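Per-entry structural report
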Amino acid sequence: MREFAAFLLGLLIIVGGAGYAVAYANKAEEVVQPIRFPHAKHTSLVSCQTCHTQVNDTPHAGLPKIATCMGCHQADVSKSPEAAKVRQYSDRGEEVPWIRLYELADDISFSHRFHLKQGLDCQACHGAIGESTQWNTGFGKNGTNGPSGRDLMGFCLACHQGRGAATDCVACHK
Amino acid sequence: MTQMASDGEERRVYRWGMVIDLDKCTGCQACVVACRAENNIPFAGEEQAQMGRAIFWIRIMPVLEGEYPRVRQRFIPVPCQQCDNPPCIKVCPVGATYKNNEGVVSQVYARCIGCRFCTVACPYTVRNFNWYSPQWPEGMDRYLNPDVPVRPRGVVEKCSFCSQRIREARMRAEEENRPVRDGEVVPACVQTCPADAMFFGDLNDPDSTVSRLARSRRAFRLQEELGTNPKVIYLGEEDWDAKA
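As the structure is a computational prediction, the values presented were derived from the model and not from experiment.

Details of the overall build of chain A
A tally of regular secondary structure across chain A gives nine helices and zero strands. Reading the helices (α) and strands (β) of chain A from amino to carboxyl end gives α-α-α-α-α-α-α-α-α. Counting the 174 residues in chain A, one finds 26% classified as buried. Partitioning the contacts of chain A with sequence separation of at least 6, the portion at a separation of at least 24 is 65%.

Structure (structure tokens):
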């Protein structure tokens, strides 16, 4: 009886743990943006830099400010109810609380400007995010379609080694 | 000096070095303060400092000569000597410290296990251990340098030759497709020295300020007999090292 109870307890821990791990992993991947934003619709009309305005000039690409969105969405350019939300945010005088998909660790020194000047395009790291038709379907936190958060350094190093770029620790790590 | 990269492009290889003119140094400690501000060095507090636990990436070593009333006080600023043959690296059991291709001895905080072998092995005693989590007086934590990480408790740290400033200058030069200019990399201590007693630059470039000064007849290095081959070069009219 006692062995059976111990067995049941063990089983509960293993199954429960696995279930929790799966649930947690899925939760970490799923990102719901405040506006169902289809990248593909936009990249067919404008370049990445049109909205990620700082990418050529600063280390950070930047998430679009509401004023940038309103540059086009002032008029009812799209009949989508999601696009109407842009004007609602603007009317309230709020910024859209976009959720950042790509995050680097605090001790990494990375410059978008520098990498673009080396001739890389956005897709080299961000994959096919520009082609997403749904609101980030398949694009989780730290991009399932770009560098993975789990082996980000491996992703960077593969490119650095291939191109003969710096592979010294302090070239990127603070 | 150049090195062939894998894409066939020739790339300049730097060998960073520092020159400190002891005949100009007044021992004012400005370099020490600038270094602390630049590199987010925490305060130890009076009690811990008395136990020798205060962290300094550069310190002023006072040298007192003679007997009262005929005494002479002299000063030697001592940052990490950035040895070409560093004893600290040899004793690290986890590969947390290494010399990079530009000759800078770097510390990988995330790998350091805090055994302090390196601290003991260093003949210049320029390595410091974080005995406690870093602390700053209230409000000062808002003035931390975002380009330098805050080190956690239990790791060793040391002068990095302001590697964040080297990185910035190198990236700027690469963006503009040119080598880093002489005097473009300026560590915090060199920048702040009011006596202009400190110089920084590329020892591989024979025309750089540091190379030129290193050829001076006044040039010497600390504990040269150890064979550590430091890249911090001192200038002094007299035979300082023998008397110190």
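Some remarks on the nonpolar core
Counting residues in each nonpolar core, the largest one holds 50 residues, and the members touching the most others are B:Trp16, B:Met18, B:Phe161, B:Met198, B:Phe200 and B:Tyr234. Those elements that provide at least two residues to this core are strand S3 (16-21), helix H1 (30-38), strand S4 (58-67), strand S5 (70-79), helix H5 (163-175), helix H6 (188-192), strand S10 (198-202) and strand S12 (232-235) of chain B. Excluding residues that lie within four positions of it along the chain, B:Phe200 makes contacts with B:Trp16, B:Gly17, B:Met18, B:Phe161, B:Ile166, B:Asp182, B:Val185, B:Pro187, B:Val190 and B:Val210. Among the nonpolar cores identified, the runner-up in size contains nine residues, and A:Phe37, A:Cys69, A:Met70 and A:Val86 belong to it.

Structural notes on a nonpolar patch on the surface
A contiguous nonpolar patch, built from A:Phe4, A:Phe7 and A:Leu8 and spanning about 320 Å² of accessible area, is present on the exposed surface. Take A:Phe7: it is sitting in helix H1 (residues 2-29).

Observations concerning the packing of aromatic side chains
Scanning the model with the defined rule gives six aromatic pairs over all chains in all. On the basis of an interplanar angle of 75 degrees and a centroid distance of 5.7 Å, the ring pair of A:Phe37 and A:Trp98 is categorised as edge-to-face. Highlighted residues: A:Phe37 in the loop between H1 and helix H2 (39-43) and A:Trp98 in the loop between helix H5 (81-91) and helix H6 (112-117), separated in sequence by 61 residues. With a centroid separation of 5.0 Å and 85 degrees between ring planes, the pair formed by B:Phe129 and B:Trp131 is classed as edge-to-face. Classification of B:Phe129 as buried rests on a relative accessible area of 12%. Of the aromatic side chains, those joined through ring pairs into one cluster are B:Tyr14, B:Trp16, B:Phe161 and B:Phe200. Taking the ring centre of B:Phe43 as reference, the NZ or CZ of B:Arg36 above it sits at 5.4 Å.

Some words on the sheet that holds S10(B)
Here we have four strands laid out as an open sheet, ordered S10-S3-S12-S11 (chain B), and mixed in their pairing. Every other strand in the sheet has two partners, leaving S10 and strand S11 (219-220) of chain B as the edge strands with one partner each.

A word on the interface of chain B and chain A
Contact with chain B, which involves 18 residues of that partner, is made by 18 residues of chain A. Summing the contributions of chain B and of chain A, the shared interface buries around 1,500 Å²; its carbon and sulfur component is 50%. When residues of chain B are sorted by the area they lose upon contact with chain A, B:Arg167, B:Met171 and B:Glu175 head the list and together hold 39% of the total. Our enumeration of links across chain B and chain A arrives at two salt bridges. A:Lys117 is paired through a salt bridge with B:Glu175; the nearest N and O atoms lie 3.9 Å apart. For the pair chain B and chain A, the interface holds 10 residue pairs in polar contact (both at pLDDT 80 or more).

Quick look at the packing of helix H4 (residues 66-73) of chain A against H5(A)
All names here are of chain A. In contact at an axis separation of 10 Å, H4 and H5 are set at 125 degrees when each is read in the N-to-C sense. Comparing the axis directions of H4 and H5 gives the class oblique. Viewed along their axes, H4 and H5 form a crossing whose handedness is left-handed. Each of Ile66, Cys69, Met70 and His73 in H4 lies in contact with H5, whose residues at this interface are Ala83, Val86, Arg87, Tyr89 and Ser90.

Quick look at the state of the cysteines
All names here are of chain B. If you walk through the whole model with that rule in mind, you get zero disulfides over all chains. Cysteine Cys83 remains unbridged, with the sulfur of Cys80 as its closest cysteine sulfur at 6.3 Å. The exposure class assigned to Cys83 is buried, which follows from its relative accessible area of 7%.

Digging into the pairing of S3(B)
Across a regular strand the side chains alternate sides, sitting on one face of the sheet and then on the other. Residue and element names in this part refer to chain B. Of all six residues in S3, six are buried, a share of seventy percent or more. Across the two faces of S3 the burial is the same, with Trp16, Met18 and Ile20 and Gly17, Val19 and Asp21 all buried. Bridge count between S3 and S10: five bridges; the pairing is antiparallel. Paired with Val19 across the two strands is Phe199, which belongs to S10.

Describing the confidence of the model for chain A
Where the model shows low pLDDT, its predicted coordinates should not be examined in detail. Residues at a pLDDT of 70 or more form 76% of chain A, whose mean pLDDT is 79. Within the model, pLDDT remains below 50 along residues 22-28 of chain A, and this stretch shows one contact once partners closer than five positions in the same chain are excluded.

Notes on empty space enclosed by the protein
To find leftover empty space, one rolls a probe the size of a water molecule over the atoms. If you walk through the whole model with that rule in mind, you get six cavities of 30 Å³ or more. Quantified by volume, the largest cavity comes out at close to 140 Å³. In this structure, the largest cavity is lined by 16 residues; those nearest its centre are A:Val170, A:Lys174, B:Tyr109, B:Ser160 and B:Ser163. Taken together, the residues of the lining of the largest cavity break down into seven nonpolar, five polar and four charged.

Regarding the side chain of A:Arg87
Residue and element names in this part refer to chain A. Assignment of secondary structure puts Arg87 in helix H5. Judged by relative accessible area, which is 17%, Arg87 ranks as buried. Filtering out sequence-adjacent residues up to four positions away, Arg87 remains in contact with Met70, His73, Gln74, Ala75 and Asp76.

Overview of the side chain of B:Gln48
Relative to the elements of secondary structure, B:Gln48 occurs in helix H2 (residues 46-50). Residue class for B:Gln48 comes out buried when judged on its relative accessible area of 14%.

What counts and what doesn't
- Residues numbered from 1 in each chain as written.
- Chains lettered and ligands numbered in written order.
- Predicted model: local features only at pLDDT ≥ 70, side-chain atom pairs only at ≥ 80, totals over all residues.
- Heavy atoms only, no water.
- Helix = DSSP H or I, 4+ residues; strand = E, 2+ residues; numbered from the N terminus.
- Buried < 20%, exposed > 50% of the residue type's maximum accessible area, 1.4 Å probe, protein only.
- Contact = heavy atoms within 4.5 Å.
- Core = buried A, V, L, I, M, F, W, Y, C linked by side-chain atoms within 4.5 Å.
- Patch = residues over 30% accessible without salt bridge, like charges linked within 9 Å, V, L, I, M, F, W, Y side chains within 5 Å.
- Areas by Shrake-Rupley, 256 points an atom, 1.4 Å probe, with all protein chains shown as cover.
- Salt bridge = Lys/Arg side-chain N within 4 Å of Asp/Glu carboxyl O.
- Phe/Tyr/Trp six-rings, centres within 6.5 Å; stacked < 30°, edge-to-face > 60°.
- Lys NZ or Arg CZ within 6 Å of the ring centre and 35° of its normal.
- Pairing = 2+ DSSP bridges.
- Buried area = accessible area lost by both parts, 1.4 Å probe.
- Polar contact = N/O pair within 3.5 Å; in protein donor to acceptor, adjacent residues only side chain to side chain.
- Axes fitted to C-alpha atoms, helices over the stretch in contact; angles between N-to-C directions.
- Parallel < 35°, antiparallel > 145°, perpendicular 65-115°, else oblique.
- Left-handed = near helix turned anticlockwise from the far one by under 90°.
- Disulfide = S-S within 2.5 Å.
- pLDDT = per-residue confidence, 0-100.
- 1 Å grid on protein atoms, 1.4 Å probe; cavity = no way out; pocket = protein on both sides within 12 Å on 5 of 7 lines; lining within 4 Å.
- Points joined across faces, edges and corners; volume = space filled by probe spheres on them.
- Nonpolar A, V, L, I, M, F, W, Y, C, P; charged D, E, K, R; others polar.

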